Structure formats: structure tokens, C-alpha cells
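Summary of structural features
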Amino acid sequence: MAEQLLVMRRIVLPLFALVASCTSLPLARDDSADLAKETVGKVAEKPRSCIALDDARGAKLFNDAIVYRVNRRLSYVNAAKGCNAFDTDPIFVNEVSNGQLCRGDIIRLISRSGGIPGPTCVLGEFTPYRTPR
């Protein structure tokens, strides 16, 4: 009987702690208004399959979209899949080897508060939004 109790403590308690920690993840949020502010006054151009990793600065997550700000005039919006319902300001972990981010690449998200690993996202096409001269 004591052995069964010991096994329960080793298996059930850590499992309970894991389930309890999962319930603290944020719920899905509606960022559509904030995403619209990122592109206001800019004109959408033809989507691209890849962008240079140097252009992937200033990444910001908006539900299922990632905005990469290159400068004041140019931003790329990527309709990534699987990023929603996560930290509003995550750390982006890009696993690339060719110096580019491309459609189909996988991005891992990590919470800045606590370093909790989050979802992996699959990148879509990069739509450039540019302010007209």
C-alpha cells in the first residue's frame, strides 16, 4: 500500500501540477483593431514567399498575424498559423539557416514572463505594407 501511495505521489502530483499550469495560459484575444493601426496609411503590395532575416526586426504578435517592422515606411504582415492565444509580447525563436524567413518556416514562441514555451507557428506569405511617398 505504501508503494502505491509513493507511485501516486510521483505520477499524479506532477501531472496535476502540469494540468494546473496549462490553465493559466491566456485566452484568445481580438487584436484586429490593433493590427489595423499597424497598417493604417500604408498600401498593401504583392505578397512574397520570403523576406531577409535582417528585415525581420521589431516582430509583434497580433493573434494569428505577425508584423515585422522594417522601418517607418515598410512593414510585412504574415498570417501565421497556430500563434493565437499566447503572450502579447513573446520571444520569437526563428530556426533558419539561409538568412531568410520563408512561407512554411516554423517559429517557436516563448513567454517573456517566466520563459514558458508556447506554441509553434507556421509562417504564411509576407504581405508588404508601404507608406506611399
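Rules used in this analysis
Residues numbered from 1 in each chain as written. Predicted model: local features only at pLDDT ≥ 70, side-chain atom pairs only at ≥ 80, totals over all residues. Heavy atoms only, no water. Pairing = 2+ DSSP bridges. Helix = DSSP H or I, 4+ residues; strand = E, 2+ residues; numbered from the N terminus. Axes fitted to C-alpha atoms, helices over the stretch in contact; angles between N-to-C directions. pLDDT = per-residue confidence, 0-100. Contact = heavy atoms within 4.5 Å.

Regarding the sheet that holds strand S4 (residues 65-69)
Reading across from one edge, S1-S10-S5-S4-S3 is the order of the five strands in this open sheet, with antiparallel pairing throughout. Looking along the sheet, the strands with just one partner apiece sit at the ends: strand S1 (43-44) and strand S3 (59-62).

Considerations on the sheet that holds strand S8 (residues 106-110)
Strand pairing in a sheet takes place through backbone hydrogen bonds and is either antiparallel or parallel in direction. In space, the three strands of this open sheet follow the order S6-S8-S9, with antiparallel pairing throughout. Of all the strands in the sheet, the pair left with one neighbour each is strand S6 (91-94) and strand S9 (117-122). Averaged over all pairs of adjacent strands, the angle between their axes in this sheet comes to 25°, without regard to strand direction. Across four bridges, S8 lies against S9 in antiparallel orientation. Across the sheet, residue Ile106 finds its bridge partner in S9, namely Val122.

Brief notes about the pairing of S3
When S3 meets S4, the two strands line up antiparallel, connected through four bridges. Considered in S4, the bridge of Phe62 is made with Ala65. What sits between the antiparallel neighbours S3 and S4 is a turn of two residues, in which Asn63 has the positive phi angle 50°.

Let's talk about the confidence of the model for the chain
Here the chain averages 76 in pLDDT, while 71% of its residues score no lower than 70. In the model of the chain, helix H1 (residues 2-22) stands out as the element of lowest mean pLDDT, 45, in contrast to strand S10 (residues 126-130), which has the highest, 95. Below pLDDT 50 for its whole length, residues 12-29 participates in 15 contacts with residues either more than four positions away or in separate chains.

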